[in-house]
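Analysis of the macromolecular model
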Amino acid sequence: MASPARPAPAALWALVPVAVLTAVFLYPLALVVRQSLSPDTGGTSLQAYTDVFASAAFRDALGTTVWLAVGASAGCVVLGFVLALVIAFVPFPGGKVVARFVDVFLSFPSFLITLALLFVYGTVGMANGLWSDVTGTTGTGPFQFLATPWGVLLAEITYFTPFVMRPLLAAFSQLDTAQLEVASSLGARPARIVRRVILPEALPALAAGGSLVLVMCLNEFGIVLFTGAKGVTTLPMLVYGKAILESDYPAACVVAVVNIAISVGLYGLYRVVSRRAGA
């Protein structure tokens, strides 16, 4: 009687995902790192890092990227929490449809939201057109903020808020309503119920959604490009400018490596904090 076939070692099962990961991510990343260390004169050097770090353009782009990402994340957390509260706990007609629309919204490309804002608040958008019709003035209207950092911030908050709402709605759906009923029967006002009962239960989901938005905002390219905010240069925009417009590939790869390092570092920090918090 033939002996049963021995199962393949576990290491063999890992070869396929490791090979795919290497081909689509690790190898291209290694090429970017190598290019950042390879000046046009040949050889290996850190000169590209020295030049980029010493440039005012890089420091300005880094500062702009950080404050836009932090500002958008804070706005998304506050707005997403309020909207999720309304959808989950305030009964109104069409509430379930709105909750389903949040899921659909997550599939929209970022440039589509920016394009919609341009139709409303752009130089020749609806708001400026309505202003001209009402006042009878000609020329540009008063709504010119979309091509400024504040316009980029508005677009990012508009687009990324559902990424905070989705985990919050999932957390609220699992909340024991008996706690809310007991708190209400004891005379607690809605604001106190939110602060003492709902918010502690929502903190892990809020942290997860906010951290995801922070990382995504750090790497956002389409929104900044489509708003036409020429005075707003983020790290992804700087990579585009260095690689496509200036053909300075070592410098572009240096900025890309810095952007990746920041994103990975923030994700690692989030994992440590969430693990200690029991999220």
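Bear in mind the structure is a predicted one, so any value in this text is a computation, not a measurement. (Residues numbered from 1 in each chain as written. Predicted model: local features only at pLDDT ≥ 70, side-chain atom pairs only at ≥ 80, totals over all residues. Heavy atoms only, no water.)

Moving on: the overall build of the chain. Of regular secondary structure, the chain possesses 13 helices and zero strands. Starting at the N terminus and walking to the C terminus, you meet the elements of the chain as α-α-α-α-α-α-α-α-α-α-α-α-α. Here the C-alpha coordinates of the chain stretch approximately 90 × 70 × 35 Å along the principal axes. Within the chain, the proportion of its 279 residues that are buried is 33%. In the chain, once contacts between residues fewer than 6 apart in sequence are set aside, the share between residues at least 24 apart is 72%. For the chain, the accessible area works out to roughly 16,700 Å², and carbon and sulfur atoms hold 69% of it. If the 15 positive side-chain charges of the chain are averaged to one point and the 12 negative ones to another, these points end up 13 Å apart. (Helix = DSSP H or I, 4+ residues; strand = E, 2+ residues; numbered from the N terminus. Buried < 20%, exposed > 50% of the residue type's maximum accessible area, 1.4 Å probe, protein only. Contact = heavy atoms within 4.5 Å. Areas by Shrake-Rupley, 256 points an atom, 1.4 Å probe, with all protein chains shown as cover. Lys, Arg positive; Asp, Glu negative; His and termini not counted. Charge placed at Lys NZ, Arg CZ, Asp CG, Glu CD.)

To continue, consider a nonpolar patch on the surface. Together, Val16, Val20, Leu21, Val24, Phe25 and Leu26 make up a nonpolar patch on the protein surface, roughly 560 Å² of accessible area in all. If you trace the backbone, Val24 turns up in helix α2 (residues 15–36). With relative accessibility at 61%, the residue Val24 sits in the exposed group. (Patch = residues over 30% accessible without salt bridge, like charges linked within 9 Å, V, L, I, M, F, W, Y side chains within 5 Å. Salt bridge = Lys/Arg side-chain N within 4 Å of Asp/Glu carboxyl O.)

A few words on helix α12 (residues 235–245). Those residues of α12 that sit buried are Leu235, Pro236, Met237, Leu238, Gly241, Lys242 and Ala243. Two residues or fewer past α12, Ser247 is found with a positive phi of approximately 55°.

Right, let's get into the environment of Gly122. Looking at the secondary structure, you find Gly122 in the loop between α6 (110–121) and α7 (126–135). Setting aside anything within four residues of it in sequence, one finds Gly122 in contact with Leu117, Asn128, Phe143 and Leu146.

Moving on, we come to the packing of aromatic side chains. With the rule as written, the count across this model stands at 10 aromatic pairs. Their ring planes at 40° and their centres at 5.4 Å tell us that Phe53 and Phe58 sit as a pair that is tilted. With relative accessibility at 41%, the residue Phe53 sits in the partly exposed group. In this structure Phe58 comes out as buried when scored by relative accessible area, which is 6%. Considering the side-chain rings of Phe81 and Phe172, the 6.3 Å spacing of their centres and the 65° angle between planes classify their relative orientation as edge-to-face. Highlighted residues: Phe81 in helix α4 (residues 56–89) and Phe172 in helix α8 (residues 149–173), separated in sequence by 91 residues. (Phe/Tyr/Trp six-rings, centres within 6.5 Å; stacked < 30°, edge-to-face > 60°.)

Another aspect to go through is the side chain of Ser73. Within the secondary structure layout, Ser73 lies in helix α4. A polar atom in the side chain of Ser73 sits 2.7 Å from the backbone oxygen of Ala69. Dropping the residues within four chain positions of it, Ser73 is found in contact with Gly210, Val213 and Leu214. (Polar contact = N/O pair within 3.5 Å; in protein donor to acceptor, adjacent residues only side chain to side chain.)

Next up on the list: the packing of helix α5 (residues 95–105) against α8. With their axes 9 Å apart at the nearest point, α5 and α8 run at an angle of 120° to one another. In this structure, α5 crosses over α8, and the sense of that crossing is left-handed. Note on element contacts: α8 touches α5 through Thr158, Tyr159, Pro162, Met165 and Arg166, opposite Ala99, Val102, Asp103 and Phe105. Looking at the contact of α5 with α8, its residues break down into six nonpolar, one polar and two charged. (Axes fitted to C-alpha atoms, helices over the stretch in contact; angles between N-to-C directions. Left-handed = near helix turned anticlockwise from the far one by under 90°. Nonpolar A, V, L, I, M, F, W, Y, C, P; charged D, E, K, R; others polar.)

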